[in-house]
Amino acid sequence: MKNFTKVTGIAAPLDRANVDTDMIIPKQFLKSIKRSGFGPNLFDELRYLDEGQPDQDCAGRPLNTEFVLNQDRYQGAAVLLARKNFGCGSSREHAPWALDDFGIRCVIAPSFADIFYNNCFKNGLLPIILNDEQVDQLFCEVEAVEGYQLTIDLEKQVVVTPSGAEMEFEVDSFRKHCLLNGLDDIGLTLQNSADIKDYETRRRQEAPWLFDAIK
Amino acid sequence: MASKTLYDKLWDQHLVRQNEDGSALIYIDRQILHEVTSPQAFEGLRLAGRKLWRIDANLATPDHNVPTTERAGGVGLIVDPVSRIQVQTLDDNCDDFGVVEFKMNDTRQGIVHVVGPEQGMTLPGSTVVCGDSHTSTHGAFGALAHGIGTSEVEHVMATQCLIAKKMKNMLVRVDGLLGVGVTAKDVVLHIIGVIGTAGGNGCAIEFGGEAIRSISMEGRMTICNMAIEAGARVGLVAVDQTTIDYFKGRPFSPTEAQWDAAATAWKGLVSDDDAEFDTVVVIKAEDIIPQVTWGTSPEMVVDVTATVPNPEKESDPTKADGIRRALQYMGLNADQKITDIQLDRVFIGSCTNSRIEDLRAAADVVKGRQVASTIKQALVVPGSGLVKAQAEKEGLDKIFVEAGLEWREPGCSMCLAMNPDKLGSGEHCASTSNRNFEGRQGFGGRTHLVSPAMAAAAAVTGHFVDVRELMSS
Ligand code: SF4
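Report on the accompanying structure. Numbers given to residues run from 1 along each chain, matching the order in which its sequence is written. Written order determines the labels here, with chains lettered from A and ligands numbered from 1. Local features in a predicted model are, by the rule used here, given only for residues with pLDDT of at least 70; side-chain atom pairs are given and counted only at 80 or more, and totals for whole chains, interfaces and linings are based on all residues. To obtain the side-chain values, all non-hydrogen atoms of the structure were used and water was disregarded.

With that settled, the discussion passes to the packing of helix H12 (residues 356-366) of chain B against helix H14 (residues 396-403) of chain B. Residues and elements named next belong to chain B. Running from N to C, H12 and H14 cross one another at 40°; their axes reach a closest spacing of 9 Å. Taken together, the axes of H12 and H14 lie oblique to each other. In the packing of H12 onto H14, the handedness of the crossing is left-handed. From H12, Ile356, Leu359, Arg360, Ala362, Ala363 and Val366 reach across to H14, where they touch Leu396, Ile399, Phe400 and Ala403. Interaxial angles span 0 to 180 degrees and are taken between N-to-C directions of axes, which are lines fitted to C-alpha atoms, for helices over the stretch in contact. Only DSSP runs of H or I reaching four residues or more are called helices, and only runs of E reaching two or more are called strands; each is numbered from the N terminus. Should an angle lie under 35 degrees it is considered roughly parallel, over 145 roughly antiparallel, and from 65 to 115 roughly perpendicular; all remaining angles are considered oblique. Should the near helix be turned counterclockwise from the far one by less than a right angle, the crossing is left-handed, whereas a clockwise turn marks it as right-handed. Here a residue-residue contact requires only that any non-hydrogen atoms of the pair lie within 4.5 Å.

A few words on the environment of Leu379 of chain B. All names here are of chain B. Along the chain, the position of Leu379 falls in strand E16 (residues 377-380). With 156 residues separating them along the chain, Leu379 and Ile223 place their C-alpha atoms 22 Å apart. Discounting chain neighbours no more than four positions away, the residues touching Leu379 are Val346, Phe347, Ile348, Glu406, Arg408, Ser413, Met414 and Asp421.

We define a salt bridge as a contact between a side-chain nitrogen of Lys or Arg and a carboxyl oxygen of Asp or Glu at a distance within 4 Å. For the structure shown, the criterion picks out 42 salt bridges over all chains. Of the charged contacts in the structure, one is a salt bridge between Arg440 of chain B and Asp22 of chain A, with a shortest N-O distance of 3.3 Å. Placement of the pair is Arg440 of chain B in the loop between strand E18 (428-431) and strand E19 (446-449) and Asp22 of chain A in helix H1 (residues 21-24), with the two residues belonging to separate chains. Note on classification: 1.4 Å probe, protein chains only; a residue is buried when its accessible area is under 20% of the maximum for its type, exposed when over 50%, partly exposed between these limits. Of the residues examined, Asp22 of chain A reaches a relative accessible area of 4% and is grouped as buried. Three or more residues joined by partner-sharing salt bridges are found here, namely Asp15, Arg83 and Asp136 of chain A.

Across the contact, 78 residues belong to chain B and 57 residues belong to chain A. Once two parts are joined, some of their accessible surface, as seen by a 1.4 Å probe, is lost; buried area is that loss totalled over both. The contact between chain B and chain A buries some 5,900 Å² in all, and 57% of this surface belongs to carbon and sulfur atoms. Pairs of N or O atoms within 3.5 Å make up the polar contacts considered here, provided that, within protein, one atom can donate a hydrogen while the other can accept it, and that residues adjacent in sequence are counted only when both atoms are side-chain atoms. The interface formed by chain B and chain A contains 34 residue pairs in polar contact (both at pLDDT 80 or more). Counting residues per element, the side of chain B that touches chain A draws most heavily on helix H5 (residues 150-159) of chain B, which supplies seven residues. Residues are grouped as follows: Ala, Val, Leu, Ile, Met, Phe, Trp, Tyr, Cys and Pro are nonpolar; Asp, Glu, Lys and Arg are charged; all remaining types, including Gly, are polar. Here the side of chain B that touches chain A is composed, by residue class, of 31 nonpolar, 29 polar and 18 charged.

Glancing now at empty space enclosed by the protein. Residues are called lining when one of their atoms sits within 4 Å of a cavity or pocket point, these points coming from a 1 Å grid over the protein atoms alone, where a cavity is a set in which a 1.4 Å probe fits but cannot get out and a pocket is an open set with protein on both sides within 12 Å along at least five of seven lines. Grid points are joined across faces, edges and corners, and a volume is the space filled by probe spheres set on the points. Counted according to the given criterion, the structure contains four cavities of 30 Å³ or more. Approximately 210 Å³ is the volume attributed to the largest cavity. Around the largest cavity, the lining comprises 24 residues; the ones closest to its centre are Ser90 of chain A together with His64, Asp132, Leu416 and Arg440 of chain B. Counted by class, the lining of the largest cavity contains eight nonpolar, eleven polar and five charged residues.

Here we come to the environment of Tyr148 of chain A. Residue and element names in this part refer to chain A. If you trace the backbone, Tyr148 turns up in the loop between helix H5 (132-144) and strand E5 (149-153). In this structure the C-alpha to C-alpha distance between Tyr148 and Pro162, which are 14 residues apart in sequence, comes to 7.2 Å. In this structure Tyr148 touches Gly9, Ile10, Ala11, Leu138, Glu141, Val142, Thr161 and Pro162, once residues within four positions along its chain are discounted.

Note on aromatic pairs: each is described by the distance of the centres and the angle between the planes. All names here are of chain A. What counts as a ring pair is set by centres within 6.5 Å for rings of Phe, Tyr and Trp (its six-membered ring), and what kind of pair is set by the plane angle: stacked under 30 degrees, edge-to-face over 60, tilted for all other angles. Across all of its chains, the model carries 16 aromatic pairs over all chains by this definition. Residues Phe38 and Trp97 carry aromatic rings whose centres are separated by 6.1 Å and whose planes lie at 25° to one another, so their mutual orientation is stacked. On the criterion of sequence distance, the pair formed by Phe38 in the loop between H1 and helix H2 (44-47) and Trp97 in helix H3 (residues 94-102) is long-range, its members being 59 residues apart. With relative accessibility at 4%, the residue Phe38 sits in the buried group.

Written as structure tokens, this is what we have:
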């Protein structure tokens, strides 16, 4: 997995609450059997004026110039500012894949839907929860100043604004450790194989009907 | 011993390892696989040279992409090439890894959340995961069940475990009994209207109270199915005799020799009387009447007798803005009566409402009536091949077809429109599914979530109507 230590980049404000994963990557693009290549269809229905099809070249499609990620000043954004309950809806991991493929490394919002939040960490993407006032402040600043950049320092757990102000954020220590080091969860879990086998031996005694039934 | 909630008990029973940093390794008894969220997981295993930890914990079936029209020609004849590749890839992966799969034309094929319980794959006291957020459905049986992402699907395949953090406990208690014509779908839509789509974030919601106890297993599944729409990955209902009876004689249920021990163990799957919940919400069953969503989030829901909200009357500016945006997308006017909303299509199906009881309720309403001439299409899509067979045995298919509805093959269909069943731009649909997000049922489509009986009533009148009026007439 890609690691995440410190990222500095343009922040783009997506000012709406309850952005769902259907919006982040509409279902017609879920038909791919790969993990990459979703970037051009990130926010497809908001970004383009026509209806997107899988395997289509997006270069010539009519853009919705009002959409934030289409505006010149936010080109190359690495940080997405969002509102409450970001990533709700379907569990599709295609949502963080699409954000990552587009170049977003971090999403800042007052709250996230649980599955999306979890999926981000598996893909080197950092979701940061700040309180409503802090998020409001960032929205104001980003809209006021062209070229506004944020620095995310995962080690120190702070978001640094251009004025040098720091906003602290929480992150679970296990997830932080994996993200900083780009560790693969499966490899880590397999180090506990003996525990898993012990559990299975015990469980087979207690609930034998949960074993060998599906054949 | 300290008292525990049902969720606490399920968590404790599956704890393999508790790490100091608060994360834990929990054991997964069952994983259900479908074609959309599994290919990258199988690919990951292959690339790392890993095997499945326990083949007999997995069951697969294609559902999201399969056509619901004639499909005797098999996978090779799926028209959309991208869908075809995905369904074929699932077949190939299951063959390669030795996973039991109900392939497209197997009568046991269907929507993952209908098939799992129907087969007795989901059992009380088990942990169930699937790369699909509506896995919360299986919590209706006192199972700890939740949706996961594709990386986690691969993690479970390779380790039979999930790295997890304990959620908070929330109880939603529905006191009293439901009125005639009020269904499980109305209950859960009403709950979401009360607590909001983020109301259950970070929580496992247990649904309890007299109303829930009196609801069938099918209805409890409908309620837990939409726990995710209230922000909770996990929905739960405590085990009672209704739960235990459901599993008698199902293919993957405990054998006769194991049955008594299993049933005894299951009886303990209830929250202790004095267990403490972090949040408790109490709702009166008598306050619930048939519900209709008017907007683009499941929390944008009102009684069928009400009107569409007016943003001018909303004091919170963010909410007012949300209402305005939704009204515009939905093509509705503030203060318009719900019963004045004209519909173009009707969809009866999805993992929320495609089980036999749902089909019976819809058939009851359309029997002897005709689909309104203004309705372009009314689809009935059973949740599995076995539901379809049962419905046909009861003659429900004939009732639907005579009334002018289409009777289809099982699958997700117009719930998310990954197959050819979809809404045209601007069309209004009365749908028994679970999400009314923008574009969910087709680009520009306008979804209104309702119960099967309400959808059937909309089909025969062409607009929303309180189904209780049709019942008394
Ligand atoms: S029926 Fe709809 S919600 Fe259910 S699994 Fe299929 S697509 Fe998902």
